[in-house]
Amino acid sequence: MRFLDIRNALIQSWIEGEFDLPWAKPGKDFDPETGDPWAALHVLPSQPGVATLGDTGQDRHDGVFQIDLNWPLNTGDTPLLVKADEIAARFKAGARFEAPILSETLHLDFVEQEYGIYVPLCVLIRSCGVSPIRRVDNWNRVSATIYYSAWVNRAL
């Protein structure tokens, strides 16, 4: 399962990073506490490309793992950039994260079986950057943009 495995590897890497923020899970309702910082995670895949030829070749999956950091208004950009630096240290260029194995599950409100996989897939981080601070829905927001790549065996 290529798309699910990539998503799982990135979400698991966020959880293991222990960033000490409540976060909006993909596709789930989330109601942030007023005045408390929080994050929203988005896995934004692009169209896969052929990396090697043949029925047993590999496809290259590139995309963006976007982490939107949300802080109360009038707190400035310093706390957002401090947290963005923590994220950039974890998701530095060259870091690799594997999707959780079949016997493991993530501690989320997702259906447990949703995280089962058969062959671990590795996701490579290519770069991490941040957006300027902006006001969104009465929050200060900075987005960490993490470019990733994964090579998936076509025969799976």
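Here goes a summary of the coordinates provided. (Residues numbered from 1 in each chain as written. Predicted model: local features only at pLDDT ≥ 70, side-chain atom pairs only at ≥ 80, totals over all residues. Heavy atoms only, no water.)

For the protein chain, the helix and strand inventory stands at two helices and eight strands. Listing every helix and strand of the protein chain by position from the N terminus yields α-β-β-β-β-α-β-β-β-β. Buried residues in the protein chain amount to 42% of all 156 residues. In the protein chain, 68% of the contacts between residues at least 6 apart in sequence involve partners at least 24 apart. (Helix = DSSP H or I, 4+ residues; strand = E, 2+ residues; numbered from the N terminus. Buried < 20%, exposed > 50% of the residue type's maximum accessible area, 1.4 Å probe, protein only. Contact = heavy atoms within 4.5 Å.)

Once that is clear, we can look at the pairing of strand β2 (residues 38-45). Across two bridges, strand β1 (residues 23-24) lies against β2 in parallel orientation. Along β2, the bridge assignment pairs Trp23 with Ala39. The sheet contact formed by β2 and strand β4 (residues 58-71) spans eight bridges and is antiparallel. Residue pairing for β4: Trp38 is matched across the bridge by Asn70. (Pairing = 2+ DSSP bridges.)

This part covers the pairing of strand β6 (residues 122-130). When strand β5 (residues 96-98) meets β6, the two strands line up antiparallel, connected through three bridges. Along β6, the bridge assignment pairs Arg96 with Leu124. Taken together, the seven bridges between β6 and strand β8 (residues 139-153) define a ladder with antiparallel strand orientation. Opposite Ile125, over in β8, you have Tyr148 as the bridge partner.

Next up on the list: the nonpolar core. Ranked by size, the top nonpolar core spans 30 residues in total, and within it Trp14, Phe65, Ile67, Leu69, Ile87 and Phe91 carry the most contacts. At the level of elements, α1 (2-16), β2, β4, α2 (78-90), β6 and β8 are the ones that each hand at least two residues to this core. The dominant element in this core, judged by the number of residues it contributes, is β8, at six residues. Here Ile67 is in contact with Trp14, Ala39, Ala40, Leu41, Ile87, Phe91, Val142, Ser143, Ala144 and Ile146, once residues within four sequence places are set aside. (Core = buried A, V, L, I, M, F, W, Y, C linked by side-chain atoms within 4.5 Å.)

With that settled, the discussion passes to the packing of aromatic side chains. Considering all chains together, one arrives at six aromatic pairs under this definition. Judged by centre distance (5.8 Å) and plane angle (85°), the ring pair of Trp38 and Trp139 falls under edge-to-face. In this pair, Trp38 sits in strand β2 while Trp139 sits in strand β8, placing the two residues 101 residues apart along the sequence. For the pair Trp38 and Trp139, a shared accessibility class is recorded, and that class is buried. One aromatic cluster is present, formed by Trp14, Phe19 and Trp23 through successive ring pairs. Seen from the ring of Trp23, Lys25 lies directly overhead, with NZ or CZ sitting 4.7 Å from the centre. (Phe/Tyr/Trp six-rings, centres within 6.5 Å; stacked < 30°, edge-to-face > 60°. Lys NZ or Arg CZ within 6 Å of the ring centre and 35° of its normal.)

We note that Asp20 has phi near 60°; this positive angle belongs to a residue other than glycine. Judged by relative accessible area, which is 74%, Asp20 ranks as exposed.

Bringing the pattern of salt bridges into the picture now. The tally for this structure, following the rule as stated, stands at five salt bridges. Between Asp62 and Arg60 there is a salt bridge, and its shortest N-O distance comes to 2.8 Å. Residue Arg60 is classed as partly exposed on the basis of its relative accessible area, which comes to 30%. In this structure, Glu86 engages Lys83 in a salt bridge whose closest nitrogen and oxygen atoms are separated by 3.3 Å. Of this pair, Glu86 and Lys83 are both found in helix α2, three residues apart, which corresponds to roughly one turn of the helix. Take Lys83: its relative accessible area is 10%, and that puts it in the buried class. Within the structure, one salt-bridge network assembled from shared partners comprises Arg60, Asp62 and Arg126. (Salt bridge = Lys/Arg side-chain N within 4 Å of Asp/Glu carboxyl O.)

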